[in-house]
Amino acid sequence: TTPLRQESKKTAVHIFDDYLCEHCEIFSKNEFVTLRFSEEAQEKKIKFIWHFYEINEASRPLAIATYCAFEQSDQGGWDMHDALFNTPTKERTLQKTKSIAKHYNLDAEVWNTCLSAPETTEKIQKDEDLAQEWNITATPTTRIGGKNLPGRVPLENLIWEMKRMLSEKEHL
């Protein structure tokens with residue numbers, strides 16, 4: 001399954017980040033991963049959707065590797081995402097993504113085919129278009145309930161926004 005590229009009728013939290021963005025790394029390893037595994041997110045089955053927002057062209061191969069991991073499963077995609085941010089910046093290479101893919105038992109043949117597929121590169125453009133449509137201008141940006149939350153937003157604020165989104169969905 002591929003990450004959704006539009007607002008979901010289901011409850012969804014979107015994250016826009018870049019693997020060579022220092023603030024994205026800190027946010028991903030702290031607030032965002034905690035939010036993804038929070039009791040609120042788990043019990044309400046909130047969908048988390050990753051988007052690449054390029055601020056450094058050198059991170060593009062890492063994004064493509066992540067799209068390919070998401071092609072196999074959401075779990076595979078998040079495993080790749082988290083493992084890359086847990087890898088020292090200088091070691092984040094396409095070669096490193098291959099060892100991550102192997103570690104998480106991604107289908108190597110499918111993953112390698114995906115890496116060179118034109119459709120995969122097109123996903124970067126789709127995320128750029130979506131970022132423009134939603135007025136995303138910084139990384140990291142979390143989008144909850146149609147509201148952009150740029151930067152390192154405190155966990156309490158993210159949870160509050162998630163609860164607000166859930167409350168609004170219940171009243172539709």
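A. Representation of helix H6 (residues 108-115) in the model. Along H6, the positions that sit buried rather than exposed are Trp111, Cys114 and Leu115. For H6, the arc enclosing every buried residue in end-on projection is 105 degrees, short of the 170-degree limit, so these residues lie on one face. More than 90 degrees from the buried face of H6, the exposed residues found are Glu109 and Thr113. Tucked inside the fold, the buried residues of H6 contact helix H3 (60-72), helix H4 (74-85), helix H5 (94-103) and helix H7 (118-133). A distance of 3.1 Å separates the backbone nitrogen of Glu109 from a side-chain oxygen at the start of H6, and that oxygen is part of Asp107.

B. Region of interest: the packing of aromatic side chains. In the structure shown here, the tally under the stated rule is 10 aromatic pairs. For the pair Phe32 and Phe48, a centre-to-centre distance of 5.7 Å together with 80 degrees between the ring planes defines the contact as edge-to-face. Taken together, the positions of Phe32 in helix H1 (residues 22-36) and Phe48 in strand E2 (residues 47-52) put the pair 16 residues apart, joining distant regions of the chain. Between Phe32 and Trp78 the ring centres are 5.7 Å apart and the planes differ by 45 degrees, which places this aromatic pair in the tilted class. With Phe32 in helix H1 and Trp78 in helix H4, this residue pair connects regions lying 46 residues apart in the sequence. There is no split in this pair, since Phe32 and Trp78 are both buried. Feature note: the residues Tyr19, Phe27, Phe32, Phe48, Trp50, Phe52, Tyr67, Phe70, Trp78 and Phe85 constitute an aromatic cluster, connected by ring pairs. The positively charged end of Arg143 is found above the aromatic ring belonging to Trp134, 4.1 Å away from the centroid.

C. Fine view of the sheet that holds strand E4 (residues 147-150). In spatial order, the strands read E2-E1-E3-E4; together these 4 strands make up an open sheet with mixed pairing. Unpaired on one side and paired on the other, E2 and E4 mark the two borders of the sheet. Neighbour-to-neighbour, the strand axes of the sheet open up by a mean angle of 20 degrees, direction not taken into account. Here strand E3 (residues 141-144) pairs with E4 via 4 bridges, running antiparallel. By the bridge assignment for E4, Arg143 is matched with Asn148. The strands touched by H4 are strand E1 (12-17) and E2; relative to E2, the strand with the most contacts, the crossing angle is about 55 degrees.

D. Inspection of the pattern of salt bridges at higher detail. Going through the model one piece at a time under the given rule, you end up with 12 salt bridges. Here Glu25 ties to Arg92 by a salt bridge, and the two come within 2.8 Å at their closest N and O atoms. With a gap of 67 residues between them, Glu25 in helix H1 and Arg92 in the loop between H4 and H5 connect regions that are remote in the sequence. According to the relative accessible area criterion, Glu25 is buried, its value standing at 16%. Here Arg92 falls in the buried class, since its relative accessible area comes to 7%. A salt bridge links Lys123 to Glu71, with the nearest nitrogen and oxygen atoms 2.0 Å apart. Pair noted here: Lys123 is in helix H7 and Glu71 is in helix H3, with a separation of 52 residues, a long-range link.

E. How the structure looks around the packing of H5 against H6. Running from N to C, H5 and H6 cross one another at 150 degrees; their axes reach a closest spacing of 11 Å. Taken together, the axes of H5 and H6 are roughly antiparallel relative to one another. Seen from above, H5 lies across H6 with right-handed handedness. Between H5 and H6, the residues in contact are Leu94, Thr97, Lys98 and Ala101 and Trp111, Asn112 and Leu115, respectively. In terms of residue class, the contact of H5 with H6 is built from 4 nonpolar, 2 polar and 1 charged.

Conventions we followed
Residues numbered from 1 in each chain as written. Predicted model: local features only at pLDDT ≥ 70, side-chain atom pairs only at ≥ 80, totals over all residues. Heavy atoms only, no water. Buried < 20%, exposed > 50% of the residue type's maximum accessible area, 1.4 Å probe, protein only. Helix = DSSP H or I, 4+ residues; strand = E, 2+ residues; numbered from the N terminus. Arc of directions from axis to C-beta. Contact = heavy atoms within 4.5 Å. Polar contact = N/O pair within 3.5 Å; in protein donor to acceptor, adjacent residues only side chain to side chain. Phe/Tyr/Trp six-rings, centres within 6.5 Å; stacked < 30°, edge-to-face > 60°. Lys NZ or Arg CZ within 6 Å of the ring centre and 35° of its normal. Pairing = 2+ DSSP bridges. Axes fitted to C-alpha atoms, helices over the stretch in contact; angles between N-to-C directions. Salt bridge = Lys/Arg side-chain N within 4 Å of Asp/Glu carboxyl O. Parallel < 35°, antiparallel > 145°, perpendicular 65-115°, else oblique. Left-handed = near helix turned anticlockwise from the far one by under 90°. Nonpolar A, V, L, I, M, F, W, Y, C, P; charged D, E, K, R; others polar.

Geometry only, nothing functional implied.
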